[in-house]
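Coordinates in review
Spelled out from the first residue to the last, the chains are:
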Amino acid sequence: MREFPAQPVVGVGAVVVDGDRVLLVKRGHPPLKGEWSLPGGTVELGETLEAALAREVFEETGLEVSVGPLVEVFDRVDRAPDGRIQYHFVVVDYACSVRGGFIARGSDAEDARWVPIRELPAYRLTAKASEVIEKARRLSAAVSTRSTRARRARR
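Residues numbered from 1 in each chain as written. Predicted model: local features only at pLDDT ≥ 70, side-chain atom pairs only at ≥ 80, totals over all residues. Heavy atoms only, no water.

What about the environment of Gly 19?
Turning to its location among the elements, Gly 19 is positioned in the loop between β1 (9-18) and β2 (21-27). Of the residues examined, Gly 19 reaches a relative accessible area of 61% and is grouped as exposed. In sequence terms Gly 19 and Pro 8 are 11 residues apart; their C-alpha atoms lie 34 Å from each other. (Helix = DSSP H or I, 4+ residues; strand = E, 2+ residues; numbered from the N terminus. Buried < 20%, exposed > 50% of the residue type's maximum accessible area, 1.4 Å probe, protein only.)

What to know about helix α1 (residues 49-61)
An α-helical turn contains 3.6 residues, so any two residues separated by three or four positions project in the same direction. Taking 1.5 Å per residue as the helical rise, α1 with its 13 residues ought to reach 18 Å, and the 18 Å between its terminal C-alpha atoms agrees with that figure. Residues of α1 that are buried: Ala 52, Leu 53, Arg 55, Glu 56, Val 57, Glu 60 and Thr 61. Here the buried face of α1 lies against β1, β2, β4 (40-42), β5 (63-79), β6 (85-101) and β7 (109-116). (Expected span 1.5 Å × (residues − 1). Contact = heavy atoms within 4.5 Å.)

Some remarks on the confidence of the model for the protein chain
Across the protein chain, the average pLDDT comes to 91, with 91% of residues at or above 70. Taken element by element, the predicted model of the protein chain shows its lowest mean pLDDT in helix α2 (residues 127-154) (75) and its highest in α1 (97). (pLDDT = per-residue confidence, 0-100.)

See the structure below:
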């Protein structure tokens, strides 16, 4: 049970950046129903974080991803008007890359699309989602720079 849980729920999120665009989904279920966010969901019993993330991205977007490096771990705690904890997620976000499939809205999403980075403000992402996307972009740029230097050094 995700609403009013007895303990935190472990969730995973995918930051899939492809050049100057990022993969977003419009949430189909609470919390954040109807809002744009990164694809992801909850980890099922016996699932690894990486397997859960690949499954969730496929279910929401139709895309198969390779799970890359860890980007961020954070808590999302939402309280009901009476002060009780309505939702408590511990979210583990990873950088991912597409390895197959075709983008299509899946079972847990109202929509899925590639969004140019310059258009992200129009999608009204949470501050945390925007922060995680920027962190993943910096991480990707750093990895790319190191790979280029390593290739040059081998020549």
